[in-house]
Amino acid sequence: MSAFFVGIDVGGTNIKIMVMTSDLDVLDWCVVPTQKDLGYEKISDNIIHAIEKIFINHGLNDPEVKSIGMGLPGIVDKHANKTVHLAYMAWNGFNPCKKIGAHFNAPSFIDNDGSLNAFGEYKFGVHEKFSNIVLLTLGTGVGCGVVIEGKIFRGSRNLGAELGHMQVEVEGAENCVHCGHPGCLEAYCSGLAMEKFALRQMPNFPTSILHQFIEQNRGVYDNAMITKGVQVGDDLCCQVMARFIKYLSVGVANVMKLFNPELILIGGGISNAGDVLLKPLAESIQDLVLHERQLCPVEKAILGPHAGMYGACAFAADSIA
Ligand SMILES: [Zn+2]
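Parameters at a glance
Residues numbered from 1 in each chain as written. Predicted model: local features only at pLDDT ≥ 70, side-chain atom pairs only at ≥ 80, totals over all residues. Heavy atoms only, no water. Core = buried A, V, L, I, M, F, W, Y, C linked by side-chain atoms within 4.5 Å. Buried < 20%, exposed > 50% of the residue type's maximum accessible area, 1.4 Å probe, protein only. Helix = DSSP H or I, 4+ residues; strand = E, 2+ residues; numbered from the N terminus. Donors = N, O, S within 2.8 Å, 3.2 Å for Na, K, Ca; no water. Tetrahedral: all angles 85-135°; square planar, octahedral: opposite > 155°, others 65-115°. Pairing = 2+ DSSP bridges. Axes fitted to C-alpha atoms, helices over the stretch in contact; angles between N-to-C directions. Parallel < 35°, antiparallel > 145°, perpendicular 65-115°, else oblique. Left-handed = near helix turned anticlockwise from the far one by under 90°. Contact = heavy atoms within 4.5 Å. Nonpolar A, V, L, I, M, F, W, Y, C, P; charged D, E, K, R; others polar. Patch = residues over 30% accessible without salt bridge, like charges linked within 9 Å, V, L, I, M, F, W, Y side chains within 5 Å. Areas by Shrake-Rupley, 256 points an atom, 1.4 Å probe, with all protein chains shown as cover. Salt bridge = Lys/Arg side-chain N within 4 Å of Asp/Glu carboxyl O. Phe/Tyr/Trp six-rings, centres within 6.5 Å; stacked < 30°, edge-to-face > 60°. Lys NZ or Arg CZ within 6 Å of the ring centre and 35° of its normal.

Quick word on the nonpolar core
Grouped burial of nonpolar side chains is what soluble globular proteins tend to show.
(1) Moving on: In this structure, Leu 163, Leu 210 and Leu 277 are the most contacted members of the largest nonpolar core, which totals 52 residues.
(2) Moving on: Broken down by element, the residue count for this core peaks at 13 residues, all from helix H8 (residues 235-259).
(3) Moving on: One finds Val 32, Ala 50, Ile 100 and Ala 106 within the second-largest nonpolar core, a separate group that totals 30 residues.

If you want it as structure tokens, here you go:
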């Protein structure tokens, strides 16, 4: 009988689930809506059902699950294997993977989702070619994970390297939605921050192509419009992108100074801007580091939104090694 690892990445909208063989080859994966209003018991049942469906689809009626790893958005006490404070859901003070583990008669382990994203990129994105990498996920917020010498960097209380909340502007005009402090990287370099700034500036640029883009999209703004606008030289879009890059380069240069990684990966919706973002970013970082030996490539994340479930599988395996 074969044995398997299960990785679960819990997000505010979707839960991604992956099953790997004991050799860490992907058996299959699926996505279920989070439906957080259903509550812990029902959500756990939905996840169990989705995992069983994967096994059944592969003709496995009584598979052995060796261990289960779960990434959660927020503060996790890894040593106690329980949550401290999560974003999106009130699952605090316990192990939200417990019911699923009990069902499959397997140990279950939880960790911060940003850390598991980075671990997934390290193991299955760059295939351990580099052992020091940092992932910055520029989505609604700024997620992050740090892998040092092939291991997740956690700090003493699993709160290490909250890079989204490093200050990049001391007297920041923008307050961070999450921590409330002024000048956090997240307040300038998240998808939400880009959107807020662009919409605020629009009245000052009545002829900007952004007005047309939004109109053509039934009145709905999308950050991808800024990239398109930069490509045709639109003033507003260029200013929005330049401001974004100015603050991101401070953040990324700080990451280089702190960790001296071999590679920094940028994930999240904003990373789809590709070279429009990454080329000028690389240029402006050059002036911000201590020495050119601190510089490393900054590239688009490889697994992107799938990294979390890969990382959760590898974490499940590592936790019983
Ligand atoms: Zn903050």
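From this point, the discussion proceeds with the structure in view.
Here's the deal with the coordination of the zinc ion
Tetrahedral coordination by four donors sets the ideal angle at the metal to 109.5 degrees; octahedral coordination by six donors sets it to 90 or 180 degrees.
(1) Moving on: At 2.0 to 2.4 Å from the zinc ion lie its protein donor atoms, namely His 165 (ND1), Cys 176 (SG), Cys 179 (SG) and Cys 184 (SG).
(2) Moving on: The coordination sphere of the zinc ion comprises four donor atoms, whose angles at the metal cover 96 to 120°; the geometry is tetrahedral.
(3) Moving on: Sequence spacing among the residues donating to the zinc ion works out to H-x10-C-x2-C-x4-C. You'll find Cys 176 and Cys 184 in the same group, each marked buried.

Quick word on the sheet that holds strand E3 (residues 26-33)
(1) Moving on: With mixed pairing, five strands are arranged side by side in an open sheet as E3-E2-E1-E4-E7. Each edge of the open sheet is held by one strand with a lone partner, namely E3 and strand E7 (108-112). If you compare each strand with its neighbour and ignore which way they point, the axes differ by 15° on average.
(2) Moving on: Pairing analysis gives five bridges linking strand E4 (residues 64-72) to E7, with the strands arranged parallel. The residue of E7 that forms the bridge with Gly 69 is Phe 109.

Structural notes on the packing of H8 against helix H9 (residues 275-285)
(1) Moving on: Where H8 meets H9, the axes come as close as 9 Å, and the angle between the chain directions of the two elements is 55°. By the angle between their directions, the pair H8 and H9 is classed as oblique. Relative to H9, the crossing made by H8 is right-handed. Judged by residue contacts, Met 241, Phe 244, Ile 245, Leu 248, Ser 249, Val 252, Ala 253 and Met 256 of H8 engage Val 276, Leu 277, Pro 280, Leu 281, Ser 284 and Ile 285 from H9.
(2) Moving on: Partitioned by chemical class, the residues of the contact of H8 with H9 number twelve nonpolar, two polar and no charged.

Let's talk about a nonpolar patch on the surface
(1) Moving on: On the surface, a nonpolar cluster with roughly 240 Å² of combined accessible area is contributed by Val 26, Trp 29 and Val 31.
(2) Moving on: Assignment of secondary structure puts Val 26 in strand E3.
(3) Moving on: Looking at Val 26, the relative accessible area reads 38%, which means it is partly exposed.

A look at the packing of aromatic side chains
(1) Moving on: Under the criterion given, the structure shown has eight aromatic pairs.
(2) Moving on: Taken together, a centroid distance of 5.3 Å and an interplanar angle of 45° make the contact between Phe 124 and Tyr 310 tilted. Highlighted residues: Phe 124 in helix H3 (residues 113-125) and Tyr 310 in helix H10 (residues 307-319), separated in sequence by 186 residues.
(3) Moving on: We classify Phe 124 as buried; its relative accessible area is 16%.
(4) Moving on: The class of Tyr 310 is buried, set by a relative accessible area of 18%.
(5) Moving on: Through a chain of ring-to-ring contacts, the aromatic side chains of Phe 4, Phe 55 and Phe 104 assemble into a single cluster.
(6) Moving on: Looking at Lys 228, its charged tip hangs above the ring of Phe 213, at a distance of 4.5 Å from the centre.
(7) Moving on: Residue placement shows Arg 243 over the ring face of Phe 197; its charged tip is 3.9 Å from the ring centre.

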